[in-house]
Amino acid sequence: MFLDPILRRKKKADTGEDSGRPFRRVAALDALPADGTPVQVPVLADLTDAWNREPNQPVGAVYLRKVGDQVECFNAICPHAGCFVAYSVDRKLFQCPCHTSSFQLDGTRILPSPSPRDMDDLKVDDSKLKEGEVWVQFVNYYPGHEEREAKP
Amino acid sequence: MIRALREWADDRLGLSATIHEALYERIPSGARWRYITGSMLVFAFVTQAVTGIFLWMAYSPSSQTAYESVWYIQHQMAGGWLVRGVHHFMAQAMVVVMALHMLQVVWDGAYRKPREVNYWLGLVLMQLVLGLGLTGYLLPWDQKGYWATNVATNLATLVPVVGKDVQQLAVGGNEYGHHTLTRFFAMHAGVLPALLVIFLALHIALFRKHGITAKETPGRPDDYFWPRQVLLDAVGCLVLLGIVLLCVVHFDVSGVASGNLPEAHKGAELGAPADPSEAYSAARPEWYYLFLFQLLKYFPGSSEVIGAIVLPGVAMTILFLIPFIGRWELGHQFNRAFVLLLLLGSVVLTGLALSEDYFVYVAKSLKLDETKYEKQLAASRDFLVAREAAEHDAHRINELINRREWLAEEGELSEPRLISKQGAVHLLRNDPKTRGSRLFKQHCASCHDYVDPEGNRPPGFSPLLQSPELAGETKVKRDDKGEVVYPPAASGAPNLYGFGSRAWIRGILNPELVSKIEYGEPQPSADPEHAAEADHPENHLRAVLSPYYGNTNHQAGRMATWVKQHASLLADDQTKSDEDVDAIVAALSAQAQLRSQAQQDSTDGTLIARGVDLIQQHCTSCHRFGDHGQLGLAPDLTGYGSYEWMMGLVSDPAHERFYGKGNDRMPSFAKDLAHPERNNVSVRELSLIVDWLRGDYYEPTDEQPVLPHTPEVAQETVILSRTVSEPRGSLVGAPPAEPETQLAKAERLFEQNCASCHSHADTAGNGIVAKNPSAPNLHGFGSRTWALGILDAEKVAGPDFLGNTRHKGGQMAQEFVATDLADTDDETKAKIALIATALSAEAALPAQRELDKEAESDGSLEKGREALSESFETYSCTDCHKFRDAGDLGSAPDLTGWGSQEWLVEFITNPMHERFYRDENDRMPAFGVAGPGPKEALLSPDEIQLLAKWIRGEPLE
């Protein structure tokens, strides 16, 4: 019982349920500013909390940024310690309010930085992009390491 | 008697021996203040146990109830805030006393043989106390505790090998939730206190076994624990309790004395409920963990593990080794120095962390040169703003939980509505006052301004900015005079401050304001690097201020044109308040049913009724208004600005009830109700924005407070707002609908686009009758009968011809037909008939093919054509009209090919064309003209061809 969270994860990994993470729709392409200003949007999915499951709940947030006809997507969670990174319009930077990590518009960290890596970029579905919609593969990563490793 | 009882108990329990042993411990060289810390810690722990058990009785650990039960303890239960406050501050006091205790132990060398084990027990106790602090911080499940603890458990994953599993076990899954709380609570109230009791018992037992490590002073007499040391300990404990109590009331002694302690001074702070989707930028751990928090800032990149795990680990190891190191005198001095440094270091780091967060004040009090510390100041300002927002949310949730609704039927306020089962976070997430403005900023403010007449915007709002044209990557383009060049069309939509109010509507009916556009003076960039370059585009962003259509395609649209043309009708004499324009403004604004205008709306009944009448007269050739007018050309004015109207408009402005094809760039934010995940903004969030704009949110100071619309009501309202005609469903099992015939399509197009003003009905009224006939009846348009009709002095200004248009009083009707052609002799009548014949022949209607042939052969066609240039009493037709080679374009529509397919198509496409009415056009839209900008034409070329054919009575396949 106490070890249930770990056993559950192992079981999920063994049965391969964990392998394919779905792309999720987060925004329409024309909702993104053309000048490349990042926009923070929530990611909606079924939220499971032990015995509760609710559809279309915010499970995280991403920053989207239009670059030419492509869209860059970053997880809004700081790779340093897991705080929620803010975007500063005045300074045109991503800034973490906790330990002062800051990142440029393309997600690269500004050195010296407490953060061990750049902001976590997420995959954007190209075919959906052509249809004018932004679908991203939402993944949370463990903070604090140079190499990123997906959270289960 | 008492003595007998005592002896009885003593014989069985041996109490007096225990008490004797406890009290008559010998203290060499007597009692001292420095020995009191141990007793104080025991006292603190007992206080925590007692207050903790009371809190436990009222606390409910789950993500739906944790915050709610703590709120109830804090704000509703008798003495709840006091118990919680004591628990909260005593925990902090315990950490402080523990630090002093450790310092005293190491300083006095009390870890040395034979007390090593007891020292280690003390270290374990220290870990347990810190663990209690960490687990306790999360339990209220407020934003602060949630986000700070999130960081702590994230850091646990840095521990090699087992870190991630430890984190999963602590969190009870992948994400924070019910099981995080149940596990943290089990640790906080069960496991850790039980361990603490066990280790404390061992610690005290060993302490008694080895006796106190006394600081011996020769000549100072020995004491027993009782009474002097007990007195000192008791004084210490009471002082501790006193300080804690002072903290609990925030040192507001006068408040306590007067029995009027403000809410903010009652015990421990409780933030807003935890919301994983709500960033919390003021996340900080409890102050005694701040030194660790600060330490992390100094270990960049992958060296984070050093600050988070290695250094604390090394410090703990050295603390563990202290008894061994202390075997040598030098080692003892090292130990003393180490513990002192450790404590000092923590104090310094804590101070640094605080001074960075509050750097704004630090800089001010130290009078630092602010330009040198711009970065630090900015970070500090961000923190202070976030903290203020957090405090604001915390205050707001309390208002919301205590919200009372005005019960109109009872005429009184309801009981406080407290919290629904969905939890407190639901209240805050659905509060238009706090969330609406933020959502507006996120989704609307890139086009819409929100600025009051004095030029003030809500915090965080800025005017729309226009970027200059570039002549290089970071260089602006300048014209010959050296002026910065801006792109021709700035984007932007109406200012929505006070949307729907009388002031707002008065403005849109003001010919000057309706398409006004102004530009602000560009401000130098905040970035000093950019500010230094005069040509940097960042220095030339200029504010675009347009109260209404200034920046949209509607700027030169029908509404703006109409307002300008009717300037005299709309002229507003400030001194009068019962003009027509006042009535129109009051009536339209009343549709919005704004709470802020409820009083005015109810007293101005007569004015509003008159305004409704005027709107029906003047506005319904384009707009629908109740049962007048029809949809298709302009937004529905029925319920204009009301919650229902706005939900419909914002969710889908391109819907036929609103802008239809005329919609200029406004996104359909929630068009697809069947697939909420495909919408850019959820209906719930739109409702928050609309409620915020309209002021429909709870305000405790209101006399008749209202609650915002629920998400369910919002959803139903959107569905309702789109129901404009009969239901579109089809019967299950019924044969599929026949494809629409060309005839049906033509009739539909006419009904949707033309029938607001034009009828298409014979004299008996068969056909399509306009709802508000104001323009010519197009039945038989182009025929001889029709031509004869418009040339008839009696009929010309009647309902079937120039009816209710401005042409009714124009040259054609008044000066020509009504005078020249009235009371004529037979010769003139014959001439009119000839003109009608010739004019009608231009149309070449299928129904008149035979008649036209006849006219050609008998020469009446030729005569008629000549008659068009012949003068009557004062005018000839070609004085104003062009007809074939005679006359010029410019003052009236071209009669060449009048009523022909080609003529009709061109006319419908653009009646303002120089061939037709130019500026004299009265309200007829240019159905085939697209734009300006990406705006589509109202009708496609094919649709116009079809309409023209149908009007001409051509066979449609």
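Residues numbered from 1 in each chain as written. Chains lettered and ligands numbered in written order. Predicted model: local features only at pLDDT ≥ 70, side-chain atom pairs only at ≥ 80, totals over all residues. Heavy atoms only, no water.

1. Observations regarding the nonpolar core
Going by this rule: Think of a nonpolar core as a cluster: buried Ala, Val, Leu, Ile, Met, Phe, Trp, Tyr and Cys residues, connected wherever their side-chain atoms sit within 4.5 Å. We call a residue buried when its accessible area falls under 20% of the maximum for its residue type, exposed when it is over 50%, and partly exposed in between, using a 1.4 Å probe and counting protein chains only. In DSSP terms, a helix is any run of H or I states spanning at least four residues, a strand is any run of E spanning at least two, and both are numbered starting from the N terminus. In what follows, residue pairs with any heavy atoms lying within 4.5 Å of each other are defined as contacts.
F94(A) and W141(B) are the most contacted members of the largest nonpolar core, which has 59 residues in total. When contributions to this core are tallied by element, the ones reaching two or more residues are β3 (52–67) of chain A together with α4 (66–75), α7 (143–156), α9 (178–210), α12 (290–296), α15 (359–366), α16 (374–401) and α17 (424–429) of chain B. The dominant element in this core, judged by the number of residues it contributes, is α16(B), at eight residues. Beyond its immediate chain neighbours, meaning those up to four positions away, W141(B) contacts S63(B), A66(B), Y67(B), Y146(B), Y176(B), G177(B), L181(B), P273(B) and A274(B). A445(B), A586(B), F658(B) and L693(B) belong to the second largest nonpolar core, which has 55 residues in total.

2. A look at the pattern of salt bridges
Residue and element names in this part refer to chain B. Under the convention used in this document: Any carboxyl oxygen of Asp or Glu within 4 Å of a side-chain nitrogen of Lys or Arg constitutes a salt bridge here.
Scanning the entire structure with this criterion turns up 56 salt bridges over all chains. Across the pair E7 and R3 runs a salt bridge, and its minimum N-O distance is 4.0 Å. In this pair, E7 and R3 are both assigned in helix α1 (residues 2–13), four residues apart and thus about one turn of the helix distant. Among the salt bridges present, the one from R438 reaches E278, with a minimum N-O distance of 1.9 Å. Note that R438 is positioned in helix α18 (residues 432–443) and E278 in the loop between α11 (253–257) and α12, a separation of 160 residues in sequence. Accessibility expressed as a relative area gives 35% for R438, which makes it partly exposed. In this structure E278 comes out as buried when scored by relative accessible area, which is 14%.

3. A word on the packing of aromatic side chains
A ring pair, where both rings are aromatic, is described by two values, the distance of the centres and the angle of the planes. All names here are of chain B. We apply this condition: Only the six-membered ring of Trp is used, alongside the rings of Phe and Tyr, when aromatic pairs are assigned; centres must lie within 6.5 Å, and planes under 30 degrees apart are stacked while those over 60 apart are edge-to-face, with the rest tilted. We count a charge as sitting over a ring when the NZ of a lysine or the CZ of an arginine lies within 6 Å of the ring centre and within 35 degrees of the ring normal.
One pass over the structure, following the stated rule, counts 42 aromatic pairs over all chains. Measuring from ring centre to ring centre gives 6.0 Å for F334 and F338, while their planes differ by 15 degrees; the resulting arrangement is stacked. Of this pair, F334 and F338 are both found in helix α14 (residues 329–357), four residues apart, which corresponds to roughly one turn of the helix. With centroids separated by 4.8 Å and ring planes inclined at 75 degrees, the aromatic side chains of W504 and Y548 adopt a geometry described as edge-to-face. In this pair, W504 is assigned in helix α19 (residues 502–508) and Y548 in the loop between β7 (542–545) and α21 (558–565), connecting sequence segments 44 residues apart. No difference in accessibility class separates W504 from Y548, as the two residues are buried. Among the aromatic residues, those joined into a cluster by ring pairs are F781, W786, F801, W898, W903, F907, F916 and Y917. Seen from the ring of Y486, R542 lies directly overhead, with NZ or CZ sitting 3.6 Å from the centre.

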